Amino acid sequence: MLVIAALIFGALVGVMRARKRGGNRLDIAQYAAVHALGFALIALFASIFISR
């Protein structure tokens, strides 16, 4: 559950960041994807750490 929430939050952060920098549609999609994967990866390791 934590990973899914982080994935969505990361995508939103990426979209906001790309729009702030004046990116076009492809820039926004790339920023959203990269941020979503990064946040999900961090949340995955956090959830593994918490469960141990």
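A brief report on the enclosed structure follows.

Quick word on the overall build of the protein
Consideration 1: Broken down by element type, the protein carries two helices and zero strands.
Consideration 2: Each principal axis of the C-alpha distribution contributes one length, and for the protein these read about 40 × 15 × 10 Å.
Consideration 3: Within the span of the protein, comprising 52 residues, buried residues form 19% of the whole.
Consideration 4: In the protein, the share of contacts with a sequence separation of at least 24, taken over all contacts with a separation of at least 6, comes to 53%.

A short note on the packing of aromatic side chains
Consideration 1: The full count for this structure, using the stated rule, is one aromatic pair.
Consideration 2: Ring geometry for Phe9 against Phe39: centres 5.7 Å apart, planes inclined by 55°, an arrangement best described as tilted. Here Phe9, found in helix 1 (residues 2-20), pairs with Phe39, found in helix 2 (residues 25-51); they are 30 residues apart in sequence, far enough to count as distant.
Consideration 3: For Phe39, a relative accessible area of 29% gives the class partly exposed.

Examining helix 2
Consideration 1: Its 27 residues give helix 2 an end-to-end C-alpha distance of 38 Å, which sits within 8% of 39 Å, the value for a rise of 1.5 Å per residue.
Consideration 2: Among the structural elements, helix 1 are those in contact with the buried residues of helix 2.
Consideration 3: In this structure Asn24 caps helix 2, since a side-chain oxygen of it lies 3.3 Å from the backbone nitrogen of Leu26.

Conventions and cut-offs
- Residues numbered from 1 in each chain as written.
- Predicted model: local features only at pLDDT ≥ 70, side-chain atom pairs only at ≥ 80, totals over all residues.
- Heavy atoms only, no water.
- Helix = DSSP H or I, 4+ residues; strand = E, 2+ residues; numbered from the N terminus.
- Buried < 20%, exposed > 50% of the residue type's maximum accessible area, 1.4 Å probe, protein only.
- Contact = heavy atoms within 4.5 Å.
- Phe/Tyr/Trp six-rings, centres within 6.5 Å; stacked < 30°, edge-to-face > 60°.
- Expected span 1.5 Å × (residues − 1).
- Polar contact = N/O pair within 3.5 Å; in protein donor to acceptor, adjacent residues only side chain to side chain.

Structural measurements only, silent on function.
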